[in-house]
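A closer look at the structure
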Amino acid sequence: MAKIVLCSASPRRQELLRHIGISDFDIRIPDADESVPAGLTAQETVQRISRKKALAGRKLCADDEICITADTMVFLDHVRLGKPADEADALRMLTALQGRGHTVCTGVTVCRGNETLTECETTEVLFRAATEQELLSYIRTGEPMDKAGAYGIQGLGCLLVEGIHGDYYNVMGLPVLRLSRMLEHFGVKLL
């Protein structure tokens, strides 16, 4: 199998690669401009940023290495919810999400040499209604502070999620089924 390079510092993405049987991979962090023009859809936004990360990451890789990049964003009513700036910002986001549905989009890019594939996965997430005290208790755990939308579905944030429609792993930051199909294009079969 070709050498896999994950161009991401995300511990969740690293964990998910191991989860699908890719244990021998390097981590290299590219310096990529993540700005995008206004007016793009959620899907276009994450695909554009993932591709920019891949173009920067490819410079850190040999031509025969497979580079993987991703960008995950949370959108509520077409408005991006990034990582909270502080606890008040986390409370603002979680209050807006509670009792409502939102969209999680991840752009994934896989490249080797000059060949590049970029795709997008979208998952709908429904939050249950929660009290302000419950949201404050969750924020005090510190878990929301480094996550888009101020929650982690794989942690205590699961207690806020009433349901999902789509890829659970996408909400964690890496749609592994889509990634496995993209890797097959480059000759990497996981099953």
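Scroll up to find the structure.
This structure is a prediction, so every number in the text was calculated from the model and none was measured.

1. What to know about the nonpolar core
Core analysis: the largest hydrophobic core is formed by 41 residues, its most contacted members being Leu17, Leu94, Val110, Tyr151, Leu179 and Leu183. Aside from chain neighbours lying at most four places away, what touches Val110 is Ile66, Cys67, Ile68, Glu115, Thr116, Leu117, Leu179, Met182, Leu183 and Phe186. Membership of the second largest hydrophobic core comes to 7 residues, among which are Ile49, Met73, Phe75 and Cys120.

2. Overview of the pattern of salt bridges
Applying the stated rule across the entire model yields 12 salt bridges. Arg92 serves as the salt-bridge partner of Asp89, at 2.8 Å between the closest nitrogen and oxygen. Linking Asp89 with Arg92, this pair stays in helix 3 (residues 87–97), spanning 3 residues, or about one helical turn. For Asp89, a relative accessible area of 16% gives the class buried. Judged by relative accessible area, Arg92 falls into the partly exposed class, the value being 48%. Across the pair Asp146 and Lys147 runs a salt bridge whose closest N-O atoms are separated by 2.8 Å. Three or more residues joined by partner-sharing salt bridges are found here, namely Lys3, Asp24, Asp26, Arg28 and Glu65.

3. Considering the packing of helix 3 against helix 4 (residues 132–140)
For the pair helix 3 and helix 4, interaxial distance at closest approach is 10 Å and the crossing angle is 135°. Relative to helix 4, the element helix 3 lies oblique. Where helix 3 crosses over helix 4, the handedness of that crossing is right-handed. The residues of helix 4 that touch helix 3, namely those facing Glu87, Ala90, Leu91, Leu94 and Thr95, are Glu132, Leu135, Leu136, Tyr138 and Ile139. Partitioning the contact of helix 3 with helix 4 into residue classes produces 7 nonpolar, 1 polar and 2 charged.

4. Some words on unusual backbone geometry
Unlike most non-glycine residues, His78 shows phi in positive territory, near 70°. The topology assignment puts His78 in the loop between strand 3 (66–76) and strand 4 (79–81).

5. Considering the pairing of strand 3
When you tally the buried positions in strand 3, you get 11 out of 11 residues, the bulk of the element. A two-sided burial pattern is seen for strand 3, the buried positions comprising Ile66, Ile68, Ala70, Thr72, Val74 and Leu76 on one face and Cys67, Thr69, Asp71, Met73 and Phe75 on the other. Bridge count between strand 1 (residues 4–6) and strand 3: 3 bridges; the pairing is parallel. Paired with Ile4 across the strands is Ile66, a residue of strand 3. Of the strand pairs in this sheet, strand 3 and strand 5 (residues 101–112) are connected by 9 bridges, and their pairing is antiparallel. In the strand pairing of strand 5, Thr72 is matched with Thr106.

Rules and cut-offs
Residues numbered from 1 in each chain as written. Predicted model: local features only at pLDDT ≥ 70, side-chain atom pairs only at ≥ 80, totals over all residues. Heavy atoms only, no water. Core = buried A, V, L, I, M, F, W, Y, C linked by side-chain atoms within 4.5 Å. Buried < 20%, exposed > 50% of the residue type's maximum accessible area, 1.4 Å probe, protein only. Contact = heavy atoms within 4.5 Å. Salt bridge = Lys/Arg side-chain N within 4 Å of Asp/Glu carboxyl O. Helix = DSSP H or I, 4+ residues; strand = E, 2+ residues; numbered from the N terminus. Axes fitted to C-alpha atoms, helices over the stretch in contact; angles between N-to-C directions. Parallel < 35°, antiparallel > 145°, perpendicular 65-115°, else oblique. Left-handed = near helix turned anticlockwise from the far one by under 90°. Nonpolar A, V, L, I, M, F, W, Y, C, P; charged D, E, K, R; others polar. Pairing = 2+ DSSP bridges.

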